Amino acid sequence: MSSYLKDYQVVVVGAGHAGCEAALAAARMGCTTLLLTIGLDTVAQMSCNPSIGGLAKGHLVHEIDALGGEMGLNIDATGIQFRRLNMRKGPAVRAARAQADRMAYSARMKNIIEKEPLLDLKQGLVDELMVKENRVVGVKTREGLSFYGMTVVLTTGTFMRGLIHVGLKNYAGGRAGEPSAEGISSSLGALGLRLGRLKTGTPARLSARSIDFSKLERQPGDRVIKPFSFMTDKIERKQVDCFIAETNETTHQIIRDNLDKSPLFAGVIEGMGPRYCPSIEDKVVRFPDKKSHQSFIEPEGIKGSEMYPSGLSTSLPADVQLAYFRSMTGFERVEIMRPGYAIEYDFVEPMQLRATLETRAVAGLFHAGQINGTSGYEEAAGQGLLAGINAAHQCQEKESVIIGRDEGYLGVMVDDLITQPTIDPYRMFTSRSEYRLLLREDNADQRLTELGRKIGLVSDARWERYLEKQKQVGAATQIIKTKAITSADKEIVDRFDLGALKSGVSLELLLRRPEITIKQIKEICPELGLFLPQALEQVEIAVKYEGYIKRQLEQVERYREQEDIKLPDDIDYAVIPSISTEVREKLKKIRPISLGQAGRIQGVTPAAIAVIQIYLRKKYHV
């Protein structure tokens, strides 16, 4: 084993969505950084659906962008269909989603990484961690090289002892066509970390020229596109349509007839799959009365012919996949370009992590992405960004960055991971946040840009744009509060059916009416035409949901009361009286950082929290 003649401050293992964000963050914060990947041609690979965003996931992308991450900019530059979801619902659950040109997305991210001055991108399969005196000092690769670093961020995706299943055949692989990482699991286990096994899957890729699109329902994107990044002014890339297809009873019968060939039902697969993204055979079994299942047929790029049939992931044999696809309308002559498959992989139970995503067992070792039992590009990228920030700060002897549940979905995700057991791959939903009206996509910059600036990830240009938007929000708010409609404004009174006005009505009160929009207000108040649409959106939401927002802010204040009660690192739960053995063991294992976090651990009762609070007063005078 030879040593590479260059030491790094941060070594990132894996160049998926978590690894890219971790490496870019660390390098941009001034740390010499190494990004190691099994294959240089698969940087930011979209292994499953080539899309970014969606319900709650879009919130994560906006937060990553507000902190100075790259994902939002990357999808804006390579997206080929953009859609806003839930637009008929309240602002808390509205979300952005974009279909990506898969190859372009990967190529652009790789280019960004290669241009980053303090960041080296190298190919190598890591099979061992180097640890000295309970602190990570680097990694060893299968190729026989050692790379030394002050901190290491593991973002291994599905590669740790990855096992691919197609029917009852299986073979080692981290993704189809790529090797698995066999040694790293043993290395982690030897360090005392508890590992588990999870499963995910992907559908077949279909040839576009073999599909009769005239028989499918066309689904265009939005005519007016709202970008993901607060820095993107306009989407320049050519846009395409997606399509909607349906399975049918014949499809379902083919699947039922071949369940004995499914590793999922034959007991071959050990790992638990994603609850909210089941395979098509799982859907057919779980919902026997459902006559059809919808699938969005989405292009993987502008130039290629591969189509992605969402919702149809499978582990059935390739010939069965072909048979059930050809039973669907529009797919009578379809050709499969790549068969779908299921993959099992190792993960490290995330309750062994600190809120910084550093492992408790090994100092300087951080985990992000699917190694933490999560699913999704967006969840991975968010963890990668936070792990990269904290790894860099540890090298620079700076304070850790922890985002609260009241500050972002990033904070909700990390808090969930380190306090709740992982039963199946974790996926973000808006329902996971108790403060979702405060944690909207549109105000992610207001919540997190100042933090991004403080840690050195927000550029001067981004900061100036943020300040200008804030200035406009304030000015527009002042106008609608002070400008009023009176009886003299007869045309406006008639237009909005205001009746007889004795003392007039402010634009703010007018905007509070459910049927009136900021666009209508702008039509009668030309001064508002000078402001950015994003600023006016903030004003509209603040006015229309003022009462709800005020109540959630009051909830946050109560939440912070317990979050502000910190639990000392040296607290000995063994000596605290009147708490159960189960609660004691969970607290010792997770070691929460605050009384509030302790209360969110499954099985820790309100009574136990009250006892701990009394103990803190007596012992630590808290």
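Note that the coordinates shown come from a computational prediction; the quantities given were computed from them, not determined experimentally.

Thresholds, definitions, all that
- For every chain, the first residue of the written sequence is number 1, and numbering continues from 1 onward in sequence order.
- Per-residue local features are limited, in this predicted model, to residues with pLDDT of at least 70; the limit for side-chain atom pairs, both in listing and counting, is 80 or more; totals at the level of whole chains, interfaces and linings are taken over all residues.
- To get the side-chain values, all heavy atoms of the structure are used, and hydrogens and water are removed first.
- In DSSP terms, a helix is any run of H or I states spanning at least four residues, a strand is any run of E spanning at least two, and both are numbered starting from the N terminus.
- Values of the radius of gyration come from C-alpha atoms, whereas the globule rule sets the reference at 2.2 Å times the count of residues to the power 0.38.
- With a 1.4 Å probe rolled over the protein chains alone, any residue whose accessible area is under 20% of its type maximum counts as buried; one over 50% counts as exposed, and the rest are partly exposed.
- Two residues qualify as a contact provided that any one of their heavy atoms is within 4.5 Å of a heavy atom in the partner residue.
- Only strands joined by at least two bridges in the DSSP assignment are considered to pair.
- Think of each axis as a best-fit line through the C-alpha atoms, taken over the contacting stretch in the case of a helix, with angles from 0 to 180 degrees between the N-to-C directions.
- In a helix, the anticipated span is given by 1.5 Å times the number of residues less one.
- We count a salt bridge whenever a side-chain nitrogen from Lys or Arg sits within 4 Å of a carboxyl oxygen from Asp or Glu.
- We call a set of buried residues a nonpolar core when its members are Ala, Val, Leu, Ile, Met, Phe, Trp, Tyr or Cys and they connect through side-chain atoms within 4.5 Å of each other.
- The pocket and cavity definitions rest on a 1 Å grid over protein atoms only: a 1.4 Å probe that fits but cannot leave marks a cavity, an open set with protein on both sides within 12 Å along at least five of seven lines marks a pocket, and residues lining either have an atom within 4 Å of a point.
- Grid points are joined across faces, edges and corners, and a volume is the space filled by probe spheres set on the points.
- Charged means Asp, Glu, Lys or Arg here, nonpolar means Ala, Val, Leu, Ile, Met, Phe, Trp, Tyr, Cys or Pro, and polar covers whatever is left, Gly included.
- Any Phe, Tyr or Trp ring, taking Trp's six-membered ring, that has another such ring centre within 6.5 Å forms a pair; planes under 30 degrees apart are called stacked, those over 60 apart edge-to-face, and the others tilted.
- Whether a charge lies above a ring is judged from NZ of Lys or CZ of Arg, which has to be within 6 Å of the ring centre and within 35 degrees of the ring normal.
- Convention used here: a crossover is right-handed provided that the path from the first strand, over the helix, to the second strand proceeds clockwise when the strands point away from the viewer.

J.: How should I be thinking about the overall build of the chain in this particular structure?
T.: Across its full length, the chain holds 20 helices and 23 strands. In terms of C-alpha radius of gyration, the chain reaches 26 Å, essentially the compact-globule figure of 25 Å for 622 residues. With the C-alpha coordinates of the chain rotated into their principal frame, the extents come out at 85 × 75 × 50 Å. When burial is assessed residue by residue, the chain has 57% of its 622 residues classed as buried. Long-range contacts, defined as pairs at least 24 residues apart, comprise 73% of the intrachain contacts of the chain with a sequence gap of at least 6.

J.: Is there a simple way to think about the sheet that holds strand β17 (residues 294-299) in this case?
T.: Where strands meet in a sheet, backbone hydrogen bonds hold them as pairs that are either parallel or antiparallel. A sheet is described by the order of its strands in space; here six strands give the open sequence β15-β16-β17-β18-β14-β19, paired in antiparallel fashion. The open sheet has two free edges, formed respectively by β15 (217-219) and β19 (336-338), since each of these has just one partner strand. With strand direction ignored, the average angle separating the axes of adjacent strands in the sheet is 35°. On top of the sheet, helix α8 (residues 318-326) reaches β14 (205-207), β18 (306-309) and β19; it is set at about 140° to β19, its chief contact.

J.: I'm lost on helix α9 (residues 377-395) in this one. Help?
T.: Helical geometry: 3.6 residues make up each α-helical turn, so side chains three or four residues apart lie on a common side. For α9, built from 19 residues, the straight-helix expectation of 27 Å at 1.5 Å per residue is met to within 8% by its first-to-last C-alpha distance of 27 Å. Among the 19 residues of α9, 18 are classified as buried, and the element is accordingly described as predominantly covered. Looking at the residues trailing α9, positive phi occurs at Glu 397, about 55°.

J.: Sorry if this is basic, but what is going on with helix α2 (residues 57-67) here?
T.: For α2, a buried count of 11 out of 11 residues is recorded, marking the element as mostly surrounded by other parts of the structure. Taken together, the buried positions of α2 are occupied by Lys 57, Gly 58, His 59, Leu 60, Val 61, His 62, Glu 63, Ile 64, Asp 65, Ala 66 and Leu 67.

J.: I keep staring at the pattern of salt bridges and nothing clicks. Help me out?
T.: Side chains that carry opposite charge are capable of pairing whenever their charged atoms lie near each other. Tallied over the entire structure, the rule returns 44 salt bridges. Note that Asp 346 and Arg 161 form a salt bridge whose closest N and O atoms lie 2.7 Å from each other. One end of the pair, Asp 346, is in strand β20 (residues 341-348); the other, Arg 161, is in the loop between β10 (145-154) and β11 (163-166), and 185 residues separate them in sequence. With relative accessibility at 3%, the residue Asp 346 sits in the buried group.

J.: What is the right way to read the nonpolar core from this model?
T.: Taken as a class, soluble globular proteins show a tendency for nonpolar side chains to be buried jointly. Of all hydrophobic cores here, the largest spans 71 residues; its most connected members are Tyr 105 and Ile 113. At 10 residues, the largest contribution of residues to this core is made by α9. Every residue in contact with Tyr 105, bar those within four places of it in the chain, is listed here: His 17, Ala 44, Met 46, Ile 52, Met 71, Asn 74, Ile 75, Thr 78 and Ala 100. Counting residues in each nonpolar core, the second largest holds 24 residues, with Val 493, Ile 521, Leu 528 and Leu 536 among its members.

J.: Help me understand empty space enclosed by the protein, please; the structure alone is not making it clear to me.
T.: The gaps of empty space that remain are located by a probe, the size of a water molecule, rolled over the atoms. Taken as a whole and judged by the stated rule, the model has one cavity of 30 Å³ or more. Of the voids in this model, the largest cavity is the one considered here, and its volume is about 40 Å³. Residue lining of the largest cavity: Arg 84, Pro 91, Arg 94, Glu 441, Asp 442 and Glu 537, and that is the complete set. Of the residues contributing to the lining of the largest cavity, the split by class is one nonpolar, no polar and five charged.

J.: Teacher, can you tell me more about unusual backbone geometry here?
T.: For residues besides glycine, phi is generally negative; the peptide bonds are generally trans as well. Phi is positive for Ala 44, which is not a glycine, with a value near 55°. Take Ala 44: it is sitting in the loop between β3 (33-37) and β4 (51-53). Positioned with a positive phi, Asn 134 is a non-glycine residue whose angle comes to about 65°. For Asn 134, the location among the structural elements is in the loop between β8 (126-132) and β9 (135-141). Owing to a relative accessible area of 49%, Asn 134 belongs among the partly exposed residues under this scheme.

J.: It is not clear to me how the sheet that holds strand β13 (residues 195-202) should be interpreted in this structure. Could you clarify?
T.: One open sheet accounts for four strands, arranged β12-β11-β20-β13; its pairing is antiparallel. Each edge of the open sheet is held by one strand with a lone partner, namely β12 (169-172) and β13. Strand-to-strand, the axes of this sheet are offset by a mean angle of 25°, without reference to chain direction. Direction of pairing for β11 relative to β20: antiparallel, over a ladder of three bridges. The residue of β20 that forms the bridge with Leu 163 is Glu 344.

J.: Teacher, can you tell me more about the packing of aromatic side chains here?
T.: Two numbers describe a pair of aromatic rings. These are the distance of the centres and the angle of the planes. Here the structure, examined in full by the defined rule, presents seven aromatic pairs. A centroid spacing of 6.3 Å and a plane angle of 50° characterise the contact between Tyr 545 and Tyr 548, whose relative ring orientation is tilted. Residue classification places Tyr 545 among the partly exposed positions, given a relative accessible area of 23%. One aromatic cluster is present, built from ring pairs that chain together Tyr 324, Phe 325 and Phe 331. The positively charged end of Arg 432 is found above the aromatic ring belonging to Tyr 426, 4.1 Å away from the centroid.

J.: Any chance you could explain the pairing of strand β2 (residues 8-13) here in plain terms?
T.: Along a regular strand, successive side chains alternate from one face of the sheet to the other. With respect to burial, β2 is a largely interior element, six of its six residues being buried. Sheet analysis places β2 next to β10, joined by five bridges and oriented parallel. The residue bridging Tyr 8 from the neighbouring strand is Gly 149, located in β10. Where β2 and β3 come together, four bridges link them in parallel fashion. Paired with Val 13 across the bridge in β3 is Leu 36. Following the chain from β2 across helix α1 (residues 17-28) to the adjacent parallel β3, one finds a crossover that is right-handed.

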